[in-house]
Amino acid sequence: MPVQDKATFRFAPVLRALLPALSLLVVLAGIAWLNPRAISYFGFNLMLNLAIPLVLATLAQMFVITGSDLDLSIGPFIGFAACVSATWLHDAPLVGIAILVGAVGAYAAVGALIYLRDLPSVVVTLGMGFVWQGLAILVLPQPGGLAPDWLASIMGVRPPFVPFPVLAAVVLAVVAWFLLEQTSYGVILRGSGGNPVAVRRAGWSLLKIKMTLFAGAGLFGVLSGLSLVGLTTSADANIGNGYTLLGIAGVILGGGEFTGGRVSPIGAVVGALTLALAASPLLTFMHIPPDWQIGANGAILIVVLTARVLVSRQRGTV
Amino acid sequence: MDEAAENFARLTGIKKHFGAVLALDGVDLKVGAGQRIGLVGHNGAGKSTLMNILAGAYAPNEGRLFIAGQEQPAYSVGRAQQLGVRCVFQELSLCPNLTVAENTRVTHPRLRGLGWRGKAKTLIAGKLDEIFPGHSISPSALVKDLGIGQRQMVEIARAFTESETPARLVILDEPTSSLDGHTAAQLLSFMRAAAARGVSFILISHLLGEILENSDIIAVMRDGRVVAQDRASVFSREKLVHAMGAEEAAAPVAQSGTTARPRSAVRVRARPRRQTDTREVLAREGEIIGLAGLAGHGQTDLLRTVFEASSRRSPDIAVSGSVALVAGDRQTDGIFALWSIADNITIRSLGGLTRNGLISPSREQALSDHWRDKMKIRTPDMRNNILSLSGGNQQKALFARALGSDATIILMDDPMRGVDIGTKLEVYDIIRREAKSGRTFLWYTTETDELSVCDHVYVMRDGVIVADMDRSELSEAAVIQSSFKGGD
Amino acid sequence: MKHIFAKPWIWSFLSAAAVWLIAVAVTRGGGAGGMLTGALAMATFIVVVGVGQMFVIALGPGNIDLSLPANIGLASAVAMTVMNGNDALVALGLLAALGCGLLVGLANYLLIWALRIPPIIATLSASFIIQSIDISYGRGLQIKPPPALSDFANLRFLDLPVLAVLAILFAIVAAIVLQRTIYGRWVLAVGQNIRAARFAGVRVGWTRCVTYMLCGELGGIDGALLAGYFRGATVDIGNEYLLSSIAVVVIGGSSVSGGKANLPGIWGAALFLVLLLTMLNTFGVSAGIRLLLTGIIIVAAIAVASDGRARDAV
């Protein structure tokens, strides 16, 4: 067998998949060391309280990144969905549902626009971020609103043994993995990120693919907004803004790459959980003063990503 | 109509232009069932365009296309696939982030529903076993983890897989360029067997020997037309070269010269990482050193490490002088697609083109014009985008970039792959002249013919040097012998 | 020569003119000149950071500087602190802001290079850290800029803001750097094909480092000047400049995939953005509608102005 010229060492797929889990373990270890009591049913419920919206936001971003694009509007979109849930969905459910479905459709339309006019997704979604933000403010000018009862009770479920956020995360990971990695159309979706020309030559409609990916992002974005409202029982127009960059970070932490269609659904969920833990609970346990909380978020991101690099260096990849 | 039934495909009067450029100027081509048609031509002769039309990717501006006796006015890629036309182009069309089996799914819309993955695996594994027995490619392997030769094998095997319509006409564009001798032979014998079963082939290759041995009919293209189409037995190497329009040039013959290596200064001393004995590649001022052996046996690695050693210290490599690299994979390693031909050439020489700290446009133009003439780059304007050039001319531009710089050592990573013979002969001449004026060339090539231009050749196998020979000792047999384990 | 008449460049200026005409029509011509000079002044600040962002984006896909607002905030605080309201210390203060920006750029690049972190995440993380530094450093400080600085920042010459004139000259210099220096050529090479650039002898790491430092430094200058213009430094002073800096790069015709940069377009797009906001203000629209309209217009402008990458014939 001839020696491969491309690279002398290649990361085995298994090892690649393990990295996000390793990051999660490092963060968990840190928490366990600082505050052992946090590692409990009650502790996890508390720490991962807002993890589900972040997991959903990360999966939404993952769909877009699958197509080698980036969505900088998902945060404001989640805020918009949350505002609609806390108002229309509560007061006039049918209208609320129609609006949310329409919003997913709008997301698909943005995907179509990006494809048809060959536009850079970063900037188009940047502009759309303004749009969703404006709409959110129009729907809910002041923080408030009320969560629909059914939503609050779903998010308040207390299953035995396994904390609800963990259970939900596992379910979401399985669903996303199935959709993207096990279905035959999922192959086409991922392929469009790896070699869009080849996929088109094979007769698939890149337009449909792009719209599907963006619709997926819209759907998970709506779910994220819904879950947020279910948890906090009210909403405000800015509630989702942090989820854009955290979602991107989650996908990358999970082993995804910006181009080439290389994403891992399970990795993305693990990455989101890691960030949910690192972003607040870990910091509180480390007694970081509030002025530095924001900075510590950044530092944690750096530390976790460095760990990823060091591990991959050890294995010999470039 | 009888004739139409016999011919699987027939093209008459095909014309195609891209803007002002006339790519095809009235092409007539007949492809009979079970025929292997060898298609040869200078770069820019129109072969790729013609094949794209046959595959449904481009629509002709004029002319008619018949498949299986029926005219195809609304031809498309999908329709071509339905009718059994398959292509393996030079640019690979695999998705690197998917597995081999998943890539098979991409071209087979019917592979869906429950159990699609198993079906896909069986399909591709079976075809790989059929064409390339003894391969070691797993259907669950990610394409990006495969070497370029293996990717080519997957690409070819995939073209032959059938889930709905059988392949009736398979177009292969330089299929053996990324394969080593053994797998290339497997492919060609598979072609022979499939043709006997009634599958037609169009084989595009720059290896005249390969064309002569593996075609029933040979069609020669020149300047957008088929200028000769006849039984392969009628042709010879010289006749083909003549028909293509290149000057009648003798095949590069090993020139007699002194066997002793000239005592000029050593510029490169490189030992491959895995070398256990003391052998190393030695390249002196004014020498053309060849790296041979089967594709993918460490030659590119060695060149890359020599390139890096010019800016970083390295234990196994000593380099004295500046180094330029001419890449073999021009799309990923060479071309700046947004730039003009001139900008692509001058990029390595900017230091010498400045006046008062700013790049001087007049000096830039002078340099690019000089190299346009020296390398005979065929273009009306050097300020046109580089992609307006044909593949061979793009390669010439990359050469010009390296030669136009102040680099004293030129590394070549099999850059003549897929380049027509006319261009090659021109470039060999230039290499010889540059070497005479003192430049050192370290040249990795997969074609044994080219080694006769070299003063000294090192054969590599499995990442180490296994043999080295002077030009006078050089023979295709000797190289091949060393390239295969157990051969020496 | 053909480059100068490339479409995106013209479109951004035409859009700016169109917006100005609409605003003028609404106010029935009153204050048209004032609107323009005000727009020029505001656009200056966007242009300065837009150029920096343009160089970074030109380095290739994924290269972007999200630490800009935090950088601006910190630099303005540093500048004001060093100047301490003292006219004699203006130059020193500017240098301090410049140095602060350079350090931020260097830090960004080190994160990207040494730790292999993608630029989006690296600059984002850096921005968090810089924000924290700014908050704790600038806690309680309400330093006013020295009169010399704020006078200069608000200076007009023949009714044109001097800063704007300087910014126009700056853009011209930047264009020369991009097209006629080795550094500029190297940026565009790296942006098109980083592997080919390496093989072609381009010092990729050096080029990227210099570019991030350049962007950081321009952010630093902007921070100092903004503090001078608005007569005070706050943590949030740079917040709106992130989106503006990226928007003007793209609306102005540079490619987000890198390798293609359009300098005149930065000015046209900056004017367009500023006039757009002015126009919306004259219509007296609410915050929600303003955001909505801004977003739609940006998307529409990009959809129209984009010349699209060459599609494969297949």
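What counts, and where the lines are drawn
- Residues numbered from 1 in each chain as written.
- Chains lettered and ligands numbered in written order.
- Predicted model: local features only at pLDDT ≥ 70, side-chain atom pairs only at ≥ 80, totals over all residues.
- Heavy atoms only, no water.
- Contact = heavy atoms within 4.5 Å.
- Buried area = accessible area lost by both parts, 1.4 Å probe.
- Salt bridge = Lys/Arg side-chain N within 4 Å of Asp/Glu carboxyl O.
- Polar contact = N/O pair within 3.5 Å; in protein donor to acceptor, adjacent residues only side chain to side chain.
- Helix = DSSP H or I, 4+ residues; strand = E, 2+ residues; numbered from the N terminus.
- Nonpolar A, V, L, I, M, F, W, Y, C, P; charged D, E, K, R; others polar.
- Phe/Tyr/Trp six-rings, centres within 6.5 Å; stacked < 30°, edge-to-face > 60°.
- Buried < 20%, exposed > 50% of the residue type's maximum accessible area, 1.4 Å probe, protein only.
- Lys NZ or Arg CZ within 6 Å of the ring centre and 35° of its normal.

Examining the interface of chain C and chain B
Interfaces are frequently sized by the accessible area removed from exposure as the parts join. Taken together, the contacts link 23 residues of chain C with 28 residues of chain B. Across the chain C/chain B interface, buried area totals approximately 2,100 Å², and carbon plus sulfur atoms make up 63% of it. Looking at the side of chain C facing chain B, the largest losses of area belong to C:Arg180, C:Arg185 and C:Phe199, adding up to 36% of the total buried there. On the surface where chain C and chain B come into contact, there are three salt bridges. A salt bridge links C:Arg195 to B:Asp333, with the nearest nitrogen and oxygen atoms 2.6 Å apart. Between the two partners, chain C and chain B, sit nine residue pairs in polar contact (both at pLDDT 80 or more). Of all the secondary structure elements, the ones that give two or more residues to the side of chain C that touches chain B are helix 7 (162-180), helix 8 (182-192) and helix 9 (194-199) of chain C. The biggest single contributor to the side of chain C that touches chain B is helix 8 of chain C, with six residues. Residue classes in the side of chain C that touches chain B are distributed as twelve nonpolar, six polar and five charged.

Regarding the interface of chain A and chain C
Taken together, the 42 residues of chain A in the interface contact 42 residues of chain C. For the pair chain A and chain C, the summed buried area comes to about 4,000 Å², and 74% of that belongs to carbon and sulfur atoms. For chain A, the biggest contributors to the area lost against chain C are A:Asp118, A:Phe130 and A:Asp291; these three give 16% of the whole. There are zero salt bridges connecting chain A and chain C. Between the two partners, chain A and chain C, sit zero residue pairs in polar contact (both at pLDDT 80 or more). Taken together, the elements giving at least two residues each to the side of chain A that touches chain C come down to helix 6 (93-116), helix 7 (121-139), helix 11 (196-201), helix 13 (243-253) and helix 16 (290-314) of chain A. When its residues are assigned to classes, the side of chain A that touches chain C shows 29 nonpolar, seven polar and six charged.

With respect to the packing of aromatic side chains
The full count for this structure, using the stated rule, is 19 aromatic pairs over all chains. Ring geometry for C:Phe45 against C:Tyr229: centres 5.3 Å apart, planes inclined by 65 degrees, an arrangement best described as edge-to-face. One end of the pair, C:Phe45, is in helix 2 (residues 32-58); the other, C:Tyr229, is in helix 10 (residues 204-230), with 184 residues separating them in the sequence. This pair shows no difference in class: C:Phe45 is buried, exactly as C:Tyr229 is. A ring pair is formed by C:Tyr109 and C:Trp113, whose centres lie 6.5 Å apart and whose planes are at 10 degrees; its orientation type is stacked. Of this pair, C:Tyr109 and C:Trp113 both sit in helix 4 (residues 90-114), separated by four residues, roughly a single helical turn. Each residue in the set A:Phe77, A:Phe80, A:Tyr107, A:Trp132 and A:Phe214 is aromatic and connected to the rest through ring pairs, giving one cluster. Above the plane of the ring of B:Phe66 lies B:Arg10, whose end atom (NZ or CZ) is 4.5 Å from the centre.

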